[in-house]
Amino acid sequence: MATAERDYYELLGVERGATEAEIKKAFRALARELHPDVSKEADAPERFKEVAQAYEVLSNAESRKLYDQYGHAGLKRGGFTPTDFDLGNLGDIFSAFFGDDLFGRAARGGAGRGGDTAVRLQIELADAYAGSTRRVEFEVASTCGRCDGDGAEPGTSPVTCPTCGGAGRVQQVSRSVFGEFVRAGACPGCSGSGRVVETPCEQCDGQGRTMSAKSLDVDIPAGIHDGQQIRLRGEGHAGANGGPAGDVYVEVRVADDERFERDGNDILAAVDLTIVQAALGATVSVPTLDGDVELEFEPGTQPGMVRTLRGKGMPVLQRFGRGDQRVIVNVAVPRRLTDEQRRLLEQFEQGSDEETYRRDEGFFEKLRSALR
Ligand SMILES: [Zn+2]
Ligand SMILES: [Zn+2]
């Protein structure tokens, strides 16, 4: 990884407001230029890696937003780790990003990394607070048990591809304004594997892989945010011809909780006091994610006042510490009065003057310190 962290937009040469398509286009163009098979520059592999990393971040709406708001530090805090691409296997980067092979190369020996898959998981705010383990179920392509993945009916074997003689690649010459460009492309006869199946396996029809249901227990870390993804490495689709399996991305959705509003790692909650409780002072029960707590409110508590319960918020993801819970006072005003209540309130009003409603010295200071 580069020592200095360069701006991802600058690396790709796009504006900050670039569309997804513009970002993809810029990356493709740069990748073609910097690909170590093409470029003779000594620093091409390093630059290629940087550009791939920039694309990985900016092509994902969630990580792009995080980067836009908080930069490199924000990505780290958000638990995002860029893929450390294996430069020996660059073709995989393209199949990972584009689902195709930009250079028409087949991976060595025809082995290809399996595709990634995604699954969505909904959890409650309480689960995000405490962390939990949940089971997810999804369908993946797995190696066929009948042919062990080679696609040939048991008792038979794949044979050497007659088109490429087993090399898996054929030379292609293309002409462009830049001149003649010779490149090795995947053999059309065997899709790059170098071997062809003459008697396809009955179970997988020669594909070597079959779809099957898979279930896994996923550890959800305490403090996870709505929309964050958990990567389960190597649990995705099986690779071709013994290649590594893809990954599973578990997208975690945190359901709304009617008692609380989440603000980053802080939790907001409202507490209702009657006008009498607010005027006379009261002890009331307030919910927190850690259970109810009793809170004492002074006589003369005003609507909009905020009480901060230190450390009663969400755990900070993958770090120590917790956010706070802020409790906002709402004062309920009676909507329907009996004749008797109306008479009492009128009587109270007649006995009131400026002094009744006079602000304490330092009222604003108190409010400010509560908000801090
Ligand atoms: Zn099979
Ligand atoms: Zn071939």
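Residues numbered from 1 in each chain as written. Chains lettered and ligands numbered in written order. Predicted model: local features only at pLDDT ≥ 70, side-chain atom pairs only at ≥ 80, totals over all residues. Heavy atoms only, no water.

(A) Here's a closer look at the environment of Arg 64. One can find Arg 64 in helix 4 (residues 61-77). Residues Arg 64 and Leu 75 lie 11 residues apart in sequence; the distance between their C-alpha atoms is 8.9 Å. With residues up to four places along the chain from it excluded, the contact list for Arg 64 reads Tyr 9, Arg 16, Gly 17, Ala 18, Ile 23, Val 57 and Leu 58. Here Arg 16 takes part through its backbone oxygen, which lies 2.9 Å from a polar atom of the side chain of Arg 64. (Helix = DSSP H or I, 4+ residues; strand = E, 2+ residues; numbered from the N terminus. Contact = heavy atoms within 4.5 Å. Polar contact = N/O pair within 3.5 Å; in protein donor to acceptor, adjacent residues only side chain to side chain.)

(B) Looking closely at helix 3 (residues 44-58). For helix 3, built from 15 residues, the straight-helix expectation of 21 Å at 1.5 Å per residue is met to within 8% by its first-to-last C-alpha distance of 21 Å. Counting buried residues along helix 3, 11 of its 15 residues qualify, which places the element largely inside the surrounding structure. Ala 44, Phe 48, Glu 50, Val 51, Ala 52, Gln 53, Ala 54, Tyr 55, Glu 56, Val 57 and Leu 58 are the residues of helix 3 that are buried. (Expected span 1.5 Å × (residues − 1). Buried < 20%, exposed > 50% of the residue type's maximum accessible area, 1.4 Å probe, protein only.)

(C) Geometry of the packing of helix 2 (residues 20-34) against helix 3. For the pair helix 2 and helix 3, the least separation of the axes is 10 Å and the interaxial angle reads 165°. In terms of orientation, helix 2 lies roughly antiparallel with respect to helix 3. Crossing of helix 2 over helix 3 shows left-handed handedness. Within the contact between the two elements, helix 2 uses Ile 23, Lys 24, Phe 27, Leu 30, Ala 31 and Leu 34 and helix 3 uses Ala 44, Arg 47, Phe 48, Val 51, Ala 52, Tyr 55 and Leu 58. Split into classes, the residues belonging to the contact of helix 2 with helix 3 amount to 11 nonpolar, no polar and two charged. (Axes fitted to C-alpha atoms, helices over the stretch in contact; angles between N-to-C directions. Parallel < 35°, antiparallel > 145°, perpendicular 65-115°, else oblique. Left-handed = near helix turned anticlockwise from the far one by under 90°. Nonpolar A, V, L, I, M, F, W, Y, C, P; charged D, E, K, R; others polar.)

(D) How the structure looks around the packing of aromatic side chains. Counted under the stated rule, the structure contains three aromatic pairs. Taking 4.7 Å as the distance between ring centres and 35° as the angle between the ring planes, the aromatic pair formed by Tyr 8 and Tyr 67 counts as tilted. Here the residue Tyr 8 occupies a position in helix 1 (residues 8-12), and Tyr 67 occupies one in helix 4, the gap between them amounting to 59 residues. Relative accessible area serves as the criterion here: at 5%, Tyr 8 is assigned to the buried category. Plain terms: the ring middles of Tyr 9 and Tyr 67 are 6.2 Å apart, the flat faces sit at 35° to each other, and that makes the pair tilted. Within this pair, whereas Tyr 9 is found in helix 1, its partner Tyr 67 is found in helix 4, the two being separated by 58 residues in sequence. Residue class for Tyr 9 comes out buried when judged on its relative accessible area of 1%. (Phe/Tyr/Trp six-rings, centres within 6.5 Å; stacked < 30°, edge-to-face > 60°.)

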